[in-house]
Amino acid sequence: MSFRLETTDGAARAGVLETSRGDIRTPAFMPVGTKGTVKSLHPDEVAALGADVVLANTYHLHFRPGEQIVEELGGVQAFSGWTGPILTDSGGFQVFSLRDTISVLDDDGVTFRSVYDGAEARFTPEGVAEIQRRLGSDIAMCLDVCLPAEAPRDELERAVGTTTRWARRQVDAPRAEGQLRFGITQGATDQKLRRQSIDGITALSFDGYALGGLAVGESKEEMLECVEWAAPALPATHPRYFMGIGDPEGVLEVVARGIDMFDCVLPTRTARTGSALTWSGRLNLRNARYRTDPRPLDSDCDCPACARFTRAYVRHLVTQRELLGLRLLSLHNLRFVLDLTARARAAIEQGAFSSFRDAALARLAAPPEEEPCNS
């Protein structure tokens, strides 16, 4: 593992994580390609938007089409057409977020029913490591126990213990050539349990360390308070990954607290609801106020949607259920978050992150734009 921490500005960090398929500039937002694709987008489009790395899902690729097919076809990069680095999560979040499908959770692993056909399946730490070895991703995440924010403390305590024991079984498991492996800390926002988890996971020689079990139902204030002390407790020499955040304000706040990598389905999922992320807040393009709006989605954006099309046209596509509308919104929303992250990195390099963050948050919180006079 080679991670270069190039610049810091307060707790915010700018660095480079080297992988066998290219460098990941941090802070880095990872678009989510759950089933080997960022929904509706060509891999070259995702790269052109500024993404260095994408995330694929071990759970879903295991069931459809199966890691043996992906391996036979050259690994997840060759299979998907994305030539840059790919991070695969372990599938733990999917298993434990579908708690009603779980039949057995023990020290060895977890038995559950597949979301596809209800057939019984079992994940163990070694088994998940082997799935990811066969997928051939560049970064593989450990199997962990991820519980909702409202879980009782005794369940959180067991989850921390189980996650640590499982991590010990995965740290030296066979890997694909050049594959990095990250450990995941749990404990929700409970300071004692989270610190216990951090101590246990960072004692193991992983290539990076993640904060898991956050953004799962707790308040944003509780989440950010936890990141404030938990991120600096992770090794400064390794990449720090917050699992599951992608709203513009959240990106700025976790970067300010020392996080290097993050992912979320929010930009593309929001696009599929017909909404755009902008410096004026979210625009619901189904709203009639945009029916004759001649402006781009965001005047400060250079994405393919903003460079050529009006809000009125995108609204027309959305309301008529034309696929191009959802594609344009996906391109825009991803570009917006990736550009915000790139600007944050530039501000860190210039020693101006604090002022950049304050100005950006103020701008994002500004009242909505007035309607154009002809709308």
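Residues numbered from 1 in each chain as written. Predicted model: local features only at pLDDT ≥ 70, side-chain atom pairs only at ≥ 80, totals over all residues. Heavy atoms only, no water.

> It is not clear to me how a nonpolar patch on the surface should be interpreted in this structure. Could you clarify?
A cluster of nonpolar residues, Ile69, Leu73 and Phe79, forms a patch on the protein surface that exposes about 240 Å² of accessible area. Relative to the helices and strands, leucine 73 is located in the loop between helix H3 (67-72) and helix H4 (76-80). (Patch = residues over 30% accessible without salt bridge, like charges linked within 9 Å, V, L, I, M, F, W, Y side chains within 5 Å. Areas by Shrake-Rupley, 256 points an atom, 1.4 Å probe, with all protein chains shown as cover. Salt bridge = Lys/Arg side-chain N within 4 Å of Asp/Glu carboxyl O. Helix = DSSP H or I, 4+ residues; strand = E, 2+ residues; numbered from the N terminus.)

> Can you walk me through the packing of helix H10 (residues 248-256) against helix H15 (residues 353-364) in this structure?
Each pair of packed helices can be described by the angle between their axes along with the distance between the axes. The N-to-C vectors of H10 and H15 enclose an angle of 160 degrees; their axes lie 10 Å apart at closest approach. The orientation of H10 with respect to H15, classified from their angle, is roughly antiparallel. The crossing of H10 and H15 is left-handed. Where H10 abuts H15, its residues Pro248, Glu249, Leu252, Glu253, Val255 and Ala256 lie against Phe353, Phe356, Arg357, Ala360, Leu361 and Leu364. (Axes fitted to C-alpha atoms, helices over the stretch in contact; angles between N-to-C directions. Parallel < 35°, antiparallel > 145°, perpendicular 65-115°, else oblique. Left-handed = near helix turned anticlockwise from the far one by under 90°. Contact = heavy atoms within 4.5 Å.)

> For this particular structure, what's the right way to read the pattern of salt bridges?
Where charged atoms from two side chains of opposite charge approach closely, those side chains can pair. Tallying each qualifying case throughout the model produces 32 salt bridges. Taking the shortest distance from any N to any O, the salt bridge between glutamate 130 and arginine 133 comes out at 2.8 Å. Here glutamate 130 pairs with arginine 133, and both are found in helix H6 (residues 125-135), just three residues apart, close to one helical turn. Arginine 133 sits in the partly exposed class, given a relative accessible area of 26%. One continuous salt-bridge network, built from bridges that share partners, spans Asp300, Asp302, Arg335, Asp339, Arg343 and Arg363. (Buried < 20%, exposed > 50% of the residue type's maximum accessible area, 1.4 Å probe, protein only.)

> I keep staring at the packing of aromatic side chains and nothing clicks. Help me out?
For any two aromatic rings, the description comes down to two numbers: the centre-to-centre distance and the angle of the planes. Taken as a whole and judged by the stated rule, the model has eleven aromatic pairs. Pairing phenylalanine 29 with phenylalanine 262 gives two aromatic rings, centres 6.3 Å apart and planes at 40 degrees, and the pair type is tilted. Here phenylalanine 29 is found in strand S4 (residues 28-31), whereas its partner phenylalanine 262 is found in strand S14 (residues 261-264), with 233 residues between them in sequence. This pair shows no difference in class: phenylalanine 29 is buried, exactly as phenylalanine 262 is. Here the aromatic residues Tyr59, Phe63, Phe112, Tyr116 and Phe123 are joined through ring pairs into a cluster of three or more. (Phe/Tyr/Trp six-rings, centres within 6.5 Å; stacked < 30°, edge-to-face > 60°.)

> Where do I start with the sheet that holds strand S2 (residues 12-19) in this structure?
With antiparallel pairing, the three strands of this open sheet are ordered in space as S1-S2-S3. Taken across any chain shown, the strands that pair with only one partner, and hence form the sheet edges, are strand S1 (2-9) and strand S3 (22-26). Strand-to-strand, the axes of this sheet are offset by a mean angle of 15 degrees, without reference to chain direction. Judged from the five bridges that link them, S2 and S3 form a sheet pairing that is antiparallel. The residue of S3 that forms the bridge with glutamate 18 is aspartate 23. (Pairing = 2+ DSSP bridges.)

> Sorry, what's going on with the environment of phenylalanine 182 here?
Here phenylalanine 182 is to be found in strand S11 (residues 180-185). On the basis of relative accessibility, which here comes to 0%, the residue phenylalanine 182 falls in the buried class. Residues phenylalanine 182 and isoleucine 139, spaced 43 residues apart in sequence, show a C-alpha to C-alpha distance of 7.1 Å. Residues contacting phenylalanine 182, with those up to four places away along its chain left out, are Leu17, Ile139, Ala140, Met141, Cys142, Phe206, Asp207, Gly208, Tyr209, Pro239, Tyr241 and Met261.

> Would you explain the pairing of S14 in this entry?
For a regular strand, side chains alternate in direction, first toward one face of the sheet and then toward the other. In S14, alternate side chains face the same way, and those of Met261 and Asp263 on one face and Phe262 and Cys264 on the other are all buried. When S4 meets S14, the two strands line up parallel, connected through four bridges. Each bridged residue has a counterpart across the sheet, and for alanine 28 the counterpart in S14 is methionine 261. Handedness of the β-α-β unit built from strand S13 (residues 240-242), H10 and S14 comes out right-handed. (Right-handed = clockwise from strand over helix to strand, strands pointing away.)

> What is the right way to look at the sheet that holds S14 in this model?
Here eight strands make up an open sheet; going across it, the order is S4-S14-S13-S12-S11-S10-S6-S5 and the pairing parallel. Edge positions in the sheet fall to S4 and strand S5 (54-57), since each has one partner strand and no second. This sheet shows a mean twist of 25 degrees between the axes of neighbouring strands, independent of strand direction. As paired strands, S13 and S14 are joined by two bridges and run parallel to one another. Each residue of the ladder has a partner; that of phenylalanine 242, found in S14, is phenylalanine 262.

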